[in-house]
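Residue strings, one per chain:
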Amino acid sequence: MHALAASKICKRFGGIVALDGAEFALDAGEVHALIGSNGCGKSTLCKIIAGAVGADAGELTVNGERVSFANPGAAAARGVEMFYQELSLIPAMTVAENIFLGREPTGRNGLVDRGRMDASAARLLAGFGDALGAGLQPQATIGDLSADQRQIVEILKVLARPSRIVVFDEATAALDRDQVAVVFDRIRALKAEGRSTIFISHRMDEVFAIADRITVMRNGATVTTARAADTSRDQLVMAMVGADQASATQPARHRPAAEEVLTVVDLSAGKLAHVSFALRRGEILGLGGLHGQGQSDLLRALYGVIPLRNGVIAIGGRRFQPKWPIAAMRRSMAYVSGDRAKNGVMAIRPIFENLVVSILARNRDHVVARGKLGALLQPVVERLKLKFSSLEAPVTELSGGNQQKVVLARLLATEPAILLLDDPTKGIDLGTKADLYAFMDDLCAQGVSILLHSSDDKELLAVSDRVLVFNAGRCVAELAGAERNELALYRAAYLTERGEAEHA
Amino acid sequence: MLSPFTKPATAVDAGGAGGWSASRSRRPYLLAAAVFFVLAAINAILQPTFLTFDVAASNLAAFLPLTLLAIGQTFVILGSDIDLSNGGIVSLVNVAVVEIIERFGDSAASYAIGIAAGLALGLAAGALNGVCVAYLRFQAIVTTFATSVIYVGLALWILPQAGGQVPPDFYNVYAGAVLGVPNVLLILVAAAALALVIARTRFYYALRATGGNMQAAFFTGVPVARVRLTAYVVSGFFAALCGLALVGETASGDPLIGGLMTLSSVTAVVLGGTSLAGCVGSVTGSVLGGFILGLINNVIFFAHVPFEWQGLIQGAIILAALSGGVAMARRGRN
């Protein structure tokens, strides 16, 4: 009997299939690693196991007993606890308050015993010894801690709970070697007590160091499960890619000019560290790798949304100092975020207003001449095949894909020379995606250059002329020509070890 | 550099590590305490009798209703919600209690029925707010504004015009003293003690977590909806206490008495160092905030500010007190 078993789990988010018949089994006292590329469904599967997301179909059993978790509290009651990639900390509360949230120790009067809570937290922290770093104390506020310290608190919060099954979703991503070693000691201690661990990491060395078995997921389904001793890194990467896709090379696409429209030298901003590259006229340059390795930070830094720490940027040979989005717009850049609701559309407002806002911002127009603007928008709207009932209809009436077209049309009306696309097709249906790809090709033919970050690896390889692969904020590989295939992309993204990435 | 994406500073952003900012995030009412003492000193200079027993007791009686209201509002705001109906609840409880006591006559039983009914009304009104906001997921600002219109409407239906009269025994108790300690002080101490006990329950930690990051609280297994509902019920309860205190203070009912107190209660909470974004704050601060608003009125009165200038001066002092907090928060961050 398995400690936990998931079978035929299906889950859709809108039109997107996240899980399609996923299978997973976890034994008592086992450390089971779950790996797969971006968007393969491993996080969604874990969230279903931990009760944070409900499954559309499929069966979940704990110790052979069928269960259905309505919320994380229900899963916790059956001994399932999950680490949520920094999602479950309260920034304005203290370390001790966060670790014991919902389970605060109480005195005989039924009131919370702060002293005991802080003392218990101090004991948990002491296990990390020198690996903690400065300032990580029970009474420190979470918001004042560094990313690795927050991650340690999050791990302790999970470990402090009386669980049978612990899910670590990229729990070690922000930790250094010493900290990872302490976490592994804890996982081994859980194992010795007969407790089970599901371990998600994209670092192969960690997976092989701790896991008993490894399950690979691809496109929302389970591909293979193997004992760690019986498999190799190359076999796993191959399983993640799929034999048919492994070396399918993409045909050459555009004919970029030799002229460099954007040059970046030694840029550091946000997670990004010392990145240099050049974007040619009429080229689509892809930014690939695992989620959150600095790709978005690069685009946002160029657009003046996050500050630069270091580096030189030149547009058309002329120095550019990004400070505000409006400055980037005046140097012919335009930025489109995949997070439409947050950074794109103005909900409820009419489509017309959503379309003209960038023109107005760039031109500093104070009086709006509707007719003139309409004439300016007409060609863009036609080229994008934008479908709507009326320009006065609220933009939120449109599908996600058409909303994204509105955002794009708005920026294109300012006639940009460089497009910064930050995962622009996230959550968009296939038909609209095809429209957008065709449109990007058109733009390149006209001499527009595009920096494209996409969490969809297939899309990235198919659309880009070259792909830069990012790992831990560094650019670790450039894939051009025949190297533009999934195997090369995954090798660069997954097999670059922590130390190598840091010193690349 | 201040980018457009920098969050607006409030008086109470959790500060950085160490020193003043750390003590501020642990004791967010420190600045309010400083403002309170400055205003008290000015008041004492302008009004030599300020520190006498009688004046202190009458000041306390005058400040108590708003302070009670602010204590209740604190809990809702800590959960990152807001209660714009607490003034409406005050009005409703105020007139309902006066009507009930008038109807049942001058007896201890009549008072008990009136007080119990008033508290029950407050709890029920708070529960209605909480159900709408936490379970039906209506917007807190709009919902509680709408329910406030309902509560004031009910108050006007019960008592269309200010009036009514409670028996002297009722308001004499409010103005009276036990063993030389004014009853208003006893009421305040009891209310503050209750609030401080609540602040040591698991509910309070769950409430702050909900206000600090609702999604994270949910993922941790905090019953977020129930916690938010409870905060509104607590706010309704303290609004009822405020309504009862006003009966004692004015000896009569007024269906419009609570209307202006709503935003004053929010102001008192913010002056007391509680963040409108939730999570950070304290009841102690809100008590000080209520006192600060009362002292500002005193100072303006005793400084003989002409009537037509009073509103302007009052607003300016409140703004100055708030900006002090913002300046501190900025310095704490840098």
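Just so it is clear, the model here is predicted, and its values are computed rather than measured. (Residues numbered from 1 in each chain as written. Chains lettered and ligands numbered in written order. Predicted model: local features only at pLDDT ≥ 70, side-chain atom pairs only at ≥ 80, totals over all residues. Heavy atoms only, no water.)

1. With respect to the packing of aromatic side chains
All names here are of chain B.
- Inspection of every chain in the model, using the stated rule, returns twelve aromatic pairs over all chains.
- With 5.7 Å between their ring centres and 85 degrees between their planes, Phe237 and Phe238 make a pair best called edge-to-face.
- Judged by its relative accessible area of 22%, Phe237 falls in the partly exposed class.
- On the basis of relative accessibility, which here comes to 0%, the residue Phe238 falls in the buried class. (Phe/Tyr/Trp six-rings, centres within 6.5 Å; stacked < 30°, edge-to-face > 60°. Buried < 20%, exposed > 50% of the residue type's maximum accessible area, 1.4 Å probe, protein only.)

2. Observations concerning the sheet that holds strand S13 (residues 284–289) of chain A
Residue and element names in this part refer to chain A.
- Spatial ordering of the open sheet is given by S16-S17-S18-S13-S19-S20, a layout of six strands whose pairing is mixed. Of all strands in the sheet, those bounded by a partner on one side alone are strand S16 (333–337) and strand S20 (474–480). Taking each pair of neighbouring strands and ignoring which way they run, the sheet shows an average axis angle of 20 degrees.
- Note that S13 and strand S18 (residues 449–453) share four bridges and pair parallel. Looking at the pairing, Gly286 lines up with Leu452 of S18.
- Lying over the sheet, helix H9 (residues 295–302) contacts S13, S16, strand S17 (418–422), S18 and strand S19 (466–471), oriented at roughly 140 degrees with respect to S17.
- Contacts between helix H17 (residues 486–494) and the sheet are confined to S13, S19 and S20, with S19 contributing the most and set at about 25 degrees to the helix. (Pairing = 2+ DSSP bridges. Helix = DSSP H or I, 4+ residues; strand = E, 2+ residues; numbered from the N terminus. Axes fitted to C-alpha atoms, helices over the stretch in contact; angles between N-to-C directions. Contact = heavy atoms within 4.5 Å.)

3. Brief notes about the interface of chain B and chain A
- Contacts between the two partners involve 31 residues from chain B and, on the opposite side, 31 residues from chain A.
- Taken together, both faces of the contact between chain B and chain A bury some 2500 Å²; the carbon and sulfur share is 64%.
- For the chain B face of the interface with chain A, the top three residues by lost area are Arg202, Tyr205 and Phe219 of chain B, together amounting to 29%.
- In this structure, the connection of chain B to chain A is made through two salt bridges.
- Between Arg202 of chain B and Glu104 of chain A there is a salt bridge; the shortest N-O distance is 3.8 Å.
- Linking chain B to chain A there are seven residue pairs in polar contact (both at pLDDT 80 or more).
- Elements represented by at least two residues in the side of chain B that touches chain A include exactly helix H1 (19–26), helix H9 (202–212) and helix H10 (214–219) of chain B.
- The element best represented in the side of chain B that touches chain A is H9 of chain B, accounting for six residues.
- By residue class, the composition of the side of chain B that touches chain A is 17 nonpolar, ten polar and four charged. (Buried area = accessible area lost by both parts, 1.4 Å probe. Salt bridge = Lys/Arg side-chain N within 4 Å of Asp/Glu carboxyl O. Polar contact = N/O pair within 3.5 Å; in protein donor to acceptor, adjacent residues only side chain to side chain. Nonpolar A, V, L, I, M, F, W, Y, C, P; charged D, E, K, R; others polar.)

4. Digging into the packing of helix H4 (residues 86–104) of chain B against helix H6 (residues 140–158) of chain B
Residues and elements named next belong to chain B.
- One way to put it is that H4 packs onto H6 with a least axis distance of 8 Å and a crossing angle of 20 degrees. Considering their axes alone, H4 and H6 lie roughly parallel with respect to each other. In this structure, H4 crosses over H6, and the sense of that crossing is left-handed. Contact residues: Gly88, Ile89, Ser91, Leu92, Val95, Ala96 and Glu99 in H4; Ser148, Tyr151, Val152, Leu154, Ala155 and Ile158 in H6.
- Residue composition of the contact of H4 with H6, grouped by class: nine nonpolar, three polar and one charged. (Parallel < 35°, antiparallel > 145°, perpendicular 65-115°, else oblique. Left-handed = near helix turned anticlockwise from the far one by under 90°.)

5. Brief notes about the pattern of salt bridges
All names here are of chain A.
- Following the criterion strictly, the structure yields 22 salt bridges over all chains and no others.
- The salt bridge involving Asp27 is made with Arg213; its shortest N-O contact spans 3.5 Å. In this pair, Asp27 sits in the loop between strand S2 (16–26) and strand S3 (31–36) while Arg213 sits in strand S9 (residues 213–218), placing the two residues 186 residues apart along the sequence.
- Connected through shared salt-bridge partners, Asp27, Glu30 and Arg213 make up one network.

6. Some thoughts on helix H15 (residues 430–445) of chain A
Residue and element names in this part refer to chain A.
- When the terminal C-alpha atoms of H15 are compared, their 23 Å separation across 16 residues agrees well with the 22 Å that a helix rising 1.5 Å per residue should span.
- Buried within H15 are the following residues: Thr432, Lys433, Leu436, Phe439, Met440, Leu443 and Cys444. When H15 is viewed along its axis, its buried side chains cluster within an angular range of 140 degrees and face the same direction. Summarising the geometry of H15, the exposed residues directed more than 90 degrees from the buried face are Leu430 and Ala445.
- Lining the buried residues of H15 we find S13, helix H13 (370–383), helix H14 (400–412), S17, S18 and helix H16 (457–463).
- Two residues or fewer after H15 comes Gly447, characterised by a positive phi angle close to 100 degrees. (Expected span 1.5 Å × (residues − 1). Arc of directions from axis to C-beta.)

7. With respect to a nonpolar patch on the surface
Residue and element names in this part refer to chain B.
- A contiguous nonpolar surface patch, about 530 Å² in accessible area, is contributed by Val178, Leu179, Val181, Leu185, Leu186 and Val189.
- Here the nonpolar patch takes three residues from helix H8 (residues 183–198), the largest share from any one element.
- Within the secondary structure layout, Leu185 lies in helix H8.
- Given the relative accessible area of 31%, Leu185 is considered partly exposed. (Patch = residues over 30% accessible without salt bridge, like charges linked within 9 Å, V, L, I, M, F, W, Y side chains within 5 Å. Areas by Shrake-Rupley, 256 points an atom, 1.4 Å probe, with all protein chains shown as cover.)

8. Here's the deal with unusual backbone geometry
Residues and elements named next belong to chain A.
- A positive phi angle, near 50 degrees, is found at Glu170, a position not held by glycine.
- Topologically, Glu170 is positioned in the loop between strand S7 (165–169) and helix H6 (177–192).
- Taking the relative accessible area as the measure of exposure, Glu170 reaches 18% and is therefore buried.
- In this structure, Asp266 takes a positive phi of about 55 degrees despite not being glycine.
- Inspection of the secondary structure puts Asp266 in strand S11 (residues 260–269).

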